[in-house]
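Survey of secondary and tertiary structure
Residue-level listing of the chains:
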Amino acid sequence: MEQLQQGVRRIVAPNPSPMTYQGTCSYVIGTGDVAVIDPGPDDPAHLRAIVDGLGAGERISHILVTHAHLDHSPGARALSEATGAPVYAFGPPDAGRSAIMTELAARGVPGGGEGVDHGFAPDQLLGDGETLAHGDWALTALHTPGHFCNHLSFGFEDAVLSGDVIMGWSSTLISPPDGDLHDYYQSLARIESLAPRILYPGHGAPVLDPRALIAEQRAHRETRSAQILAALSTGAATPASLRAQIYRDLPPPLHGAAQRNVFAHLIELTQQNKIHPASHLAPTSEFSLR
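Our subject in this report is the structure included herewith. (Residues numbered from 1 in each chain as written. Predicted model: local features only at pLDDT ≥ 70, side-chain atom pairs only at ≥ 80, totals over all residues. Heavy atoms only, no water.)

Quick look at the pattern of salt bridges
Counted by the stated rule, this structure contains nine salt bridges. A salt bridge links Asp123 to Arg77; the shortest N-O distance between them is 3.2 Å. Here the residue Asp123 occupies a position in the loop between α3 (99–106) and β7 (124–125), and Arg77 occupies one in helix α2 (residues 74–83), the gap between them amounting to 46 residues. Between Arg97 and Asp178 there is a salt bridge whose closest N-O contact spans 3.0 Å. Of this pair, Arg97 sits in the loop between β6 (87–89) and α3 while Asp178 is found in the loop between β11 (159–163) and α4 (181–194), placing the two residues 81 residues apart along the sequence. Connected via shared salt-bridge partners are Glu192, Arg211 and Arg218. (Salt bridge = Lys/Arg side-chain N within 4 Å of Asp/Glu carboxyl O. Helix = DSSP H or I, 4+ residues; strand = E, 2+ residues; numbered from the N terminus.)

Thoughts on helix α1 (residues 44–52)
For α1, the full list of buried residues reads His46, Leu47 and Ile50. Angular distribution of buried residues about the axis of α1 spans 100°; they occupy a single face of the element. Turned more than 90 degrees from where α1 packs its buried face, Pro44 and Asp52 sit exposed. Backbone nitrogen of Ala45 and a side-chain oxygen of the N-cap are separated by 2.9 Å at the start of α1; the cap is Asp43. (Buried < 20%, exposed > 50% of the residue type's maximum accessible area, 1.4 Å probe, protein only. Arc of directions from axis to C-beta. Polar contact = N/O pair within 3.5 Å; in protein donor to acceptor, adjacent residues only side chain to side chain.)

A word on the pairing of strand β9 (residues 137–143)
Of all seven residues making up β9, five are buried, and the element is well covered by its neighbours. Bridging between strand β8 (residues 131–134) and β9 involves four bridges; their strand directions are antiparallel. Residue Ala133 lies in a different strand from β9, and its bridge partner there is Ala138. Between β8 and the antiparallel strand that follows it, β9, lie two residues; Gly135 among them carries a positive phi value of about 60°. By the bridge criterion, four bridges tie β9 to strand β10 (residues 152–156) in an arrangement that is antiparallel. (Pairing = 2+ DSSP bridges.)

Quick look at the sheet that holds β10
Spatially, five strands are ordered β8-β9-β10-β11-β12 in an open sheet, and the strand pairing comes out mixed. In the strand order of this sheet, the two ends are held by β8 and β12 (198–201), each with one partner. Averaged over all pairs of adjacent strands, the angle between strand axes in this sheet comes to 25°, irrespective of strand direction. Examined bridge by bridge, β10 and β11 share three bridges and lie antiparallel to one another. In the sheet register, Phe154 faces β11, and the bridge partner there is Leu161. Running at roughly 145° to β9, α4 makes contact with β9, β10, β11 and β12 of the sheet. (Axes fitted to C-alpha atoms, helices over the stretch in contact; angles between N-to-C directions. Contact = heavy atoms within 4.5 Å.)

As C-alpha cells, then:
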C-alpha cells in the first residue's frame, strides 16, 4: 500500500485492461478507523490486500463507492461482509440520471464500457455536498455525473478523489444512457471551482496540476464536437460512420467505446439544437446539421 499524503493511501487492483489502465485505484483514508474508497472488483486477493495493508490496530469503518461500474463497486459488498463496515454511495446505478438519459434507458438503449454493476445497492446514501466525518478524517461528497450518473467525487482537505470523471491517464468514457456529456462539462466546472491542489483519480497517477488537466480535457471534448460538426457538414452520418471518420487509427477493440463517445457528443449537440436525428435519438440514427 502506497502513502500518497498524510491520510491518503492507495492500492491498485490487479485488473489492468484497455479501459482500466493499470487497474482500479482503491484509496484508504485516515488512520485508525479508516474509510476505503472504491474497493474495486470482487477480487478476494485485492480485498485481502486492502485489509492486510492496514496498520496495527486499524480497521475499516466505512466503505465509499464513486460509481456503479464493475471495476469499482462489486468489491464493496464483499468487503462490507468481511469487516462489518457499511457501504455509502449516491444511490443505485440509475440514480442521478438526467431526463434525456432516462428516456433513452426507457427505450432500451444499452450502455457499455466497463459494465454496469446492476445489483449495486448502498447501505447509506450520500447526498451532494454531504460531509461524512469519523475519527481523524472527513470526506465531502460531490455529485459529479458525466462518466456515470451516480458518480461521486470526494473532497478531502485540499484534494479531490475524482473517480473516473477526471483520470490520470486518459479522458473518460462517456457512454449514454449511463454517461452524459452535458453533465460531464458541469462536473468539470464543479471540480475546477474548488481549486484542488491535487486529484486522486480512479485510474492512473495523481494529477498534480488539476486546472491544466481540466482545461485540456474540456478542450479535447470541444475539439471532438467540432470534428463531428465538420464531418456532418458533408452530409448526414450515423455514430458508426462518424467513428470511422474521426478515429482512423484506433485499435479495433476500442471501436465500441469510441462509437459510444461519438453518440454522447451527438446527443449534446442535439440538445444545443446544432444537429438533429432523422427520427429519434438512438445509437443507429442518422444525424444531420440544422
